[in-house]
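Okay, here's what each chain looks like letter by letter:
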Amino acid sequence: MAAEQNHDSAACKRVDDGITRVFQLLGKRWSGPIVAVLVEQPAYFTDLRRAIPGISERMLSDRLAELGAAGLVLREVDEGPPLRVCYRLTDAGAALEPALRALAEWAKSHLPEASACPETSLERPAVHR
């Protein structure tokens, strides 16, 4: 316990509040990909669902509501027929484009791509029966 009391308190740095807020919102699963799709152009709900493999309708709806409440996404209803809902970024949401592009470039350089066939991964030992 004495070692804990003797550490240099100046060495304990807090994470920037802005970074914390950004990742609390965009760090949630699916939020980043939704914004990335909308950076390109406004999209209807069904188009967003097709553009983001694996997302459920419920999750897409929930994330769009969160992004809307945060002031990043606008929901526009086209009365039709048929009735369709279109989503687009606000100015604040569109301002994320340079950061998203920089993150995408960073990922290309520093994160290995997932193998299309996990069974062919070199790290996985072969199982002999």
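Below: a short report on this structure. This one's a predicted model, so the numbers in the text were calculated from it and none came from an experiment.

### Quick look at the packing of aromatic side chains
To describe a pair of aromatic rings, you give the distance between the ring centres and the angle between the ring planes.
1) Next: Under the defined criterion, the tally for this structure stands at 0 aromatic pairs.
2) Next: Over the aromatic face of tyrosine 44 sits the side chain of arginine 84, whose NZ or CZ is 3.5 Å from the ring centroid.

### Some points on the pairing of strand 3 (residues 84-89)
1) Next: Where strand 1 (residues 43-44) lies against strand 3, 2 bridges are found, and the strand directions are antiparallel. When the sheet's bridge partners are listed, tyrosine 44 is paired in strand 3 with cysteine 86.
2) Next: Pairing of strand 2 (residues 73-78) with strand 3 involves 6 bridges; the strand directions are antiparallel. Its bridge partner lying in strand 3, aspartate 78 is registered against arginine 84.
3) Next: Hairpin connection of strand 2 to strand 3: 5 residues between the antiparallel strands, including glycine 80 at a positive phi of 75°.

### Side note on the layout of surface pockets
1) Next: Estimates place the volume of the largest pocket at around 300 Å³.
2) Next: Ala36, Val39, Glu40, Glu97, Leu100, Arg101, Leu103, Ala104, Glu105, Ala107 and Lys108 together form the lining of the largest pocket.
3) Next: Looking at the lining of the largest pocket, the elements with two or more residues in it are helix 3 (31-40) and helix 7 (97-110).
4) Next: No other element matches helix 7, which puts 8 residues into the lining of the largest pocket.

### Some remarks on the packing of helix 3 against helix 5 (residues 57-69)
1) Next: Where helix 3 meets helix 5, the axes come as close as 10 Å, and the angle between the chain directions of the two elements is 75°. The angle between helix 3 and helix 5 falls in the class roughly perpendicular. Side by side, helix 3 and helix 5 meet where Ser31, Ile34 and Val35 of the first sit next to Leu60, Arg63, Leu64 and Leu67 of the second.
2) Next: Residue composition of the contact of helix 3 with helix 5, grouped by class: 5 nonpolar, 1 polar and 1 charged.

What counts and what doesn't
Residues numbered from 1 in each chain as written. Predicted model: local features only at pLDDT ≥ 70, side-chain atom pairs only at ≥ 80, totals over all residues. Heavy atoms only, no water. Phe/Tyr/Trp six-rings, centres within 6.5 Å; stacked < 30°, edge-to-face > 60°. Lys NZ or Arg CZ within 6 Å of the ring centre and 35° of its normal. Pairing = 2+ DSSP bridges. Helix = DSSP H or I, 4+ residues; strand = E, 2+ residues; numbered from the N terminus. 1 Å grid on protein atoms, 1.4 Å probe; cavity = no way out; pocket = protein on both sides within 12 Å on 5 of 7 lines; lining within 4 Å. Points joined across faces, edges and corners; volume = space filled by probe spheres on them. Axes fitted to C-alpha atoms, helices over the stretch in contact; angles between N-to-C directions. Parallel < 35°, antiparallel > 145°, perpendicular 65-115°, else oblique. Contact = heavy atoms within 4.5 Å. Nonpolar A, V, L, I, M, F, W, Y, C, P; charged D, E, K, R; others polar.

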